[in-house]
Amino acid sequence: MKKFILLAFVAMMVTACGQPLKPDATAGDNTAQNGSAQNGTEENATTTGSVDNSDMTGTTMLADGKHISYEKGAINDPDNVLSERRIYFDYDSDAVPEKYLDLIKYHGKYLSLNPQARVRLEGNTDERGTREYNVALGERRAQAVKQLLLYEGVSPEQIEVISYGEEKPIAFGHDEESWQLNRRVDIVYK
Amino acid sequence: MKQILASLILVFFASTSHAVLKIDITQGLEGALPIAVVPFQWNTKKLPDADVSAIVVSDLARSGKFSPMAEKDLLSHPQQPKDINFKTWRVAGMDHLVIGSVNLQPDGRYQVKFRLFDVLKGQQVVGYSFFATKKTLRTIAHQISDYIFTQITGLPGAFNTRIAYVTVQHNTKTGMVSRLKVADTDGYNPQTLLTSDQPIMSPAWSPDGSQLAYVSFEKGHAEIYIQNIHSGVRTLVSSYPGLNGAPAWSPDGKQLAITLSKDGNPEIYILTLANKLLRRFTHQWAIDTEAVWTPDGKSIIFTSGRSGKPQLYIKSLTGKQSPRRLTFAGNYNASASISPDGKLLAYVQGKGNIYRIALMTLKTGNYQLLTQGPLDESPEFAPNNSMVLFASQENKHAVLAAVSVDGKFRQRLAFSEGDVRDPAWAPVRD
């Protein structure tokens, strides 16, 4: 049953983005992760359910003390969950970790409710591996986030995708501590 | 018995007398050929604009194939053939001897002469005379190195070409400064072609050595430019939505293989420069990038994630057959450079957190690891197939290094500014 939900979700993403997701082990990994984390997702689903029912000016409290509001300019409130705009990835992977799906959904909702809002998705990688492959990997990460936003009803014109690969690190160490900070997509509101 | 210096450090000074480059030979000169280069005689009061014989000595040393006698060990300083006592050079274990002169002419030009002798036979092998200007004296010195190298090894020399590279400085106040630079192969005469506060990547030389294709993010997104290194004139050749990356010239210089994501995914395309015609070359849901052309111009070797991890593949430009996978060992093989003779493939092999330069014999598929890592990348063959230039990490800085294809000889090129990366070795000097 849980797997069925996930597969349906993946199928919808495929439809939404108009191109097949990569049919490799990554999808299988997601299945396993999502399966075990399904309860968490359902809890979140309760929360987002109330969000979905709130009107545009409403503010909804989330379980972790943050709140969510989709008012214009709400992204500048550090207590608003939309102030979180970094999605971190696993090494050499362009699969969006399951724990960020809700966050991306919130941003998607904001963008679809504020059609004049524009974002740039900036894909980055850590320094390991080759420079050009990393630019391509960063692009794939940003595209993966874009596809999830499109699924939330965001118009393609609202989203710009760019990859810097390993060229613009925010942490300069040569260890996992720095690497994990550099493997990310930044959601930048313009 | 020749004792080999494990670490021969050669420090050069530019005419402006600040050190621009230190070449540190970090490993092995075993089997290198003994040669004595007598300091060239000159007729001016002060040293000419370039120390020609010193340049020849350093060129030969950093080729890894020669072990020039240290100047302090020279037995004598013959200036004419009649002054040479071959027997003493034989006893000292020298196979070859070079003498020469640099003479300033009344018209302001230099006349440079040199002679190469076979010590065992007691005979002159070659002798040349050149005219040089103040500006071209260093170039003439590199040409002499090429003549000596070719005469003795039978291989073409690669001293008188250029390298391109990217320097990056990160400053917490001013942000990032990237520079695209071109220098002689010994790091001299560095010239900046482009300065940007955004990344510059992947310089690639045109086959005639007159132009560089590269990626610049100067407008906030990736674009590919071609720039003439003499005039500085540049042309924007690719600015599609998404990725514009990994330019690689076809051997005839008429086409560029590039990576674009305009159709949704990083794929390789062939751009014909004359008419801007674009043809898609790969069709795969995974990443395809880092194209290099085989020297016959018939195939392209590239990196693809189609097996789940980056591996190298070869695909014909004309045939309809599927790409053939070249690498099987290790879960990360990428960024190929093919030797100009088409026999060897250098690439990055990653295992765990260690990334090293590997070298494959294409005919057999056998490979060996040339370097120790941990973060080696961007391998680039010397035009004479004998060495691989690459980017490496040392003391938390990005440096350039070179290793001989037998793995025995290694040197580090340390530049004075920031991180240095993305080396490209010009096939010829234009």
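Refer to the structure above for everything that follows.
Read on for an overview of the structure. In this text the structure is predicted, and so the values were computed from the model without any measurement.

**Here's the deal with the overall build of chain B**
At step 1: When you go through chain B residue by residue, the secondary structure sums to three helices and 32 strands.
At step 2: For 430 residues, the compact-globule estimate of 2.2 N^0.38 gives 22 Å, and chain B sits close to it at 23 Å.
At step 3: The principal-axis extents of the C-alpha atoms in chain B amount to approximately 70 × 45 × 45 Å.
At step 4: When burial is assessed residue by residue, chain B has 55% of its 430 residues classed as buried.
At step 5: Sequence-distant contacts, at least 24 apart, represent 42% of the contacts inside chain B between residues at least 6 apart.
At step 6: Of the charged side chains in chain B, 45 are positive and 34 negative, and the gap between their average positions amounts to 2 Å.

**Quick notes on empty space enclosed by the protein**
Residue and element names in this part refer to chain B.
At step 1: Within the structure shown, the criterion is met by three cavities of 30 Å³ or more.
At step 2: By volume, the largest cavity amounts to about 170 Å³.
At step 3: Around the largest cavity, the lining is made up of 16 residues, and of these Arg62, Phe159, Met387, Gln411 and Trp425 lie nearest the centre.
At step 4: Broken down by secondary-structure element, the contributors of at least two residues to the lining of the largest cavity are β29 (387–394) and β31 (410–415).
At step 5: The residue inventory of the lining of the largest cavity, partitioned by class, reads ten nonpolar, five polar and one charged.

**Observations concerning helix α4 (residues 101–113) of chain A**
Helical geometry: 3.6 residues make up each α-helical turn, so side chains three or four residues apart lie on a common side.
At step 1: For α4(A), with 13 residues, the first-to-last C-alpha span of 18 Å sits near the 18 Å given by 1.5 Å per residue.
At step 2: Along α4(A), the residues that are buried comprise Asp102(A), Leu103(A), Ile104(A), Tyr106(A), His107(A), Gly108(A), Tyr110(A) and Leu111(A).

**A look at the interface of chain A and chain B**
At step 1: At the junction of the two partners, chain A supplies 29 residues and chain B supplies 42 residues.
At step 2: In total, about 3,000 Å² of surface goes out of reach between chain A and chain B, with carbon and sulfur atoms giving 58% of it.
At step 3: It is Arg131(A), Glu132(A) and Tyr133(A) in chain A that bury the most area against chain B; as a group they hold 24% of the surface buried on that side.
At step 4: Scanning the region where chain A abuts chain B turns up three salt bridges.
At step 5: Here Arg131(A) ties to Glu377(B) by a salt bridge, and the two come within 2.7 Å at their closest N and O atoms.

**Focus: the side chain of Ser335(B)**
At step 1: Within the element layout of this structure, Ser335(B) appears in strand β24 (residues 332–338).
At step 2: The buried category is assigned to Ser335(B), whose relative accessible area is 14%.
At step 3: Ser335(B) has contacts with Thr130(A), Glu290(B), Thr303(B), Leu312(B), Ala346(B), Tyr347(B), Val348(B), Ser378(B) and Pro379(B), leaving out every residue within four places of it along the chain.

**Digging into the pairing of strand β6 (residues 184–189) of chain A**
Residues and elements named next belong to chain A.
At step 1: Burial runs high along β6: five of the six residues are buried.
At step 2: The pairing of strand β3 (residues 86–88) with β6 spans three bridges and is classified as antiparallel. Bridge pairing links Tyr88 to Arg184 in β6.
At step 3: Two elements, strand β4 (residues 119–124) and β6, share five bridges in a ladder whose sense is antiparallel. Residue pairing across strands places Val119 opposite Tyr189, the latter belonging to β6.

Rules of the game
Residues numbered from 1 in each chain as written. Chains lettered and ligands numbered in written order. Predicted model: local features only at pLDDT ≥ 70, side-chain atom pairs only at ≥ 80, totals over all residues. Heavy atoms only, no water. Helix = DSSP H or I, 4+ residues; strand = E, 2+ residues; numbered from the N terminus. Rg over C-alpha atoms; globule rule 2.2 N^0.38 Å. Buried < 20%, exposed > 50% of the residue type's maximum accessible area, 1.4 Å probe, protein only. Contact = heavy atoms within 4.5 Å. Lys, Arg positive; Asp, Glu negative; His and termini not counted. Charge placed at Lys NZ, Arg CZ, Asp CG, Glu CD. 1 Å grid on protein atoms, 1.4 Å probe; cavity = no way out; pocket = protein on both sides within 12 Å on 5 of 7 lines; lining within 4 Å. Points joined across faces, edges and corners; volume = space filled by probe spheres on them. Nonpolar A, V, L, I, M, F, W, Y, C, P; charged D, E, K, R; others polar. Expected span 1.5 Å × (residues − 1). Buried area = accessible area lost by both parts, 1.4 Å probe. Salt bridge = Lys/Arg side-chain N within 4 Å of Asp/Glu carboxyl O. Pairing = 2+ DSSP bridges.

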